[in-house]
Amino acid sequence: MNKLVTLFSGAAIALGMTTAADAGVRAGVLRCFTAPSQGVFVGSSQEARCVFTSAYGHRENYVAKIDRIGPDVGIRDKAVLVWAVYAPTSLRRHALRGDYVGASADVSVGIGAGANVLVGGSSRTVSLQPVSVKAQTGLAIGAGAARLQLR
């Protein structure tokens, strides 16, 4: 139950807030590469390999777990998610480690797209704003509250 409350609270915060770009600087770009996945009616969970490239060109690797609660039905091929990373100041090494919550939606009929708006990380001061939609293939539809864990 706590997981559900956390996810929906995060989605409400992400949807109701102004972008972190209003309160911070663009620290870089986070790209996550997922494996093929299958959604079940009430949610999904998948792992990803991520690379953060700072505004200065420094690269850091992360392992991610992406959970979604809400309608999520279908089969997706591998996908790429790209976010602009905003923070109140420049980030120290591995500062993206942590939990992020927010809203998520996607649809695929052959080729598809989606977006995730997430807030969290270092003292919940980091915002991940979609740079472009999630590129994926498959036959699926999903929406709901999302949680991203970066390690």
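Per an unreviewed UniProt entry, the chain goes by the name DUF992 domain-containing protein and belongs to Rhodomicrobium udaipurense.

Participant: With reference to specific residues and values, describe the overall build of the chain.
Facilitator: Counting secondary structure elements, the chain contains one helix and eight strands. Along the chain, helices and strands appear, N-terminal first, in the series α-β-β-β-β-β-β-β-β. Residues classed as buried in the chain amount to 46% of the 151 residues present. In the chain, once contacts between residues fewer than 6 apart in sequence are set aside, the share between residues at least 24 apart is 74%. With an accessible surface of roughly 7,700 Å², the chain has 62% of that area assigned to carbon and sulfur atoms.

Participant: I'd like to hear about the pattern of salt bridges, residue by residue, with values.
Facilitator: Under the defined criterion, the tally for this structure stands at two salt bridges. A salt bridge links Asp99 to Arg147, with the nearest nitrogen and oxygen atoms 3.4 Å apart. With Asp99 in strand β7 (residues 98–120) and Arg147 in strand β8 (residues 126–150), this residue pair connects regions lying 48 residues apart in the sequence. Between Arg151 and Asp99 there is a salt bridge whose closest N-O contact spans 3.0 Å. Of this pair, Arg151 sits in the segment after β8 while Asp99 sits in strand β7; the two residues are 52 residues apart in sequence, bridging distant segments of the chain. A network of salt bridges, in which partner residues are shared, links Asp99, Arg147 and Arg151.

Participant: Could you give an account of unusual backbone geometry, with specific residues and numbers?
Facilitator: The phi dihedral of His94 is positive, around 60°, even though this residue is not glycine. By secondary structure assignment, the location of His94 is in the loop between β6 (79–87) and β7. Judged by relative accessible area, His94 falls into the partly exposed class, the value being 26%.

Participant: Explain the environment of Arg26 to me, and be specific about the residues and the numbers.
Facilitator: Turning to its location among the elements, Arg26 is positioned in strand β1 (residues 25–34). Of the residues examined, Arg26 reaches a relative accessible area of 43% and is grouped as partly exposed. For the pair Arg26 and Ala84, spaced 58 residues apart in sequence, the C-alpha to C-alpha distance is 6.9 Å.

Participant: Kindly report on the confidence of the model for the chain, identifying the contributing residues and their values.
Facilitator: Per-chain confidence: the chain averages 77 in pLDDT, with 72% of residues scoring 70 or above. Mean pLDDT per element in the chain: helix α1 (residues 2–16) is the minimum at 39, and strand β4 (residues 59–69) is the maximum at 94. Note that residues 1–22 has pLDDT below 50 and, in this model, 30 contacts with residues that lie over four places away or in other chains.

Participant: Talk me through the pairing of β4; I want residue IDs and the actual numbers.
Facilitator: Pairing of strand β3 (residues 43–54) with β4, which is carried by 11 bridges, proceeds in the antiparallel orientation. Opposite Thr53, over in β4, you have Arg59 as the bridge partner. Once β3 ends, the chain turns through four residues before running back antiparallel as β4, passing Gly57 with a positive phi of about 95°.

Participant: Before we move on, could you go through the nonpolar core and cite the residues and values that matter?
Facilitator: Leu30, Leu96, Leu128, Leu148 and Leu150 are the most contacted members of the largest nonpolar core, which totals 21 residues. Every element with two or more residues in this core is listed here: β1, β3, β4, β6, β7 and β8. When residues in this core are grouped by element, the largest group, five residues, is from β8. Those residues within four positions of Leu150 in sequence are excluded, and the remaining contacts are Leu30, Cys50, Tyr62, Val63, Ala64, Leu96, Arg97, Gly98 and Tyr100.

Each value, and the rule that gives it
- Residues numbered from 1 in each chain as written.
- Predicted model: local features only at pLDDT ≥ 70, side-chain atom pairs only at ≥ 80, totals over all residues.
- Heavy atoms only, no water.
- Helix = DSSP H or I, 4+ residues; strand = E, 2+ residues; numbered from the N terminus.
- Buried < 20%, exposed > 50% of the residue type's maximum accessible area, 1.4 Å probe, protein only.
- Contact = heavy atoms within 4.5 Å.
- Areas by Shrake-Rupley, 256 points an atom, 1.4 Å probe, with all protein chains shown as cover.
- Salt bridge = Lys/Arg side-chain N within 4 Å of Asp/Glu carboxyl O.
- pLDDT = per-residue confidence, 0-100.
- Pairing = 2+ DSSP bridges.
- Core = buried A, V, L, I, M, F, W, Y, C linked by side-chain atoms within 4.5 Å.

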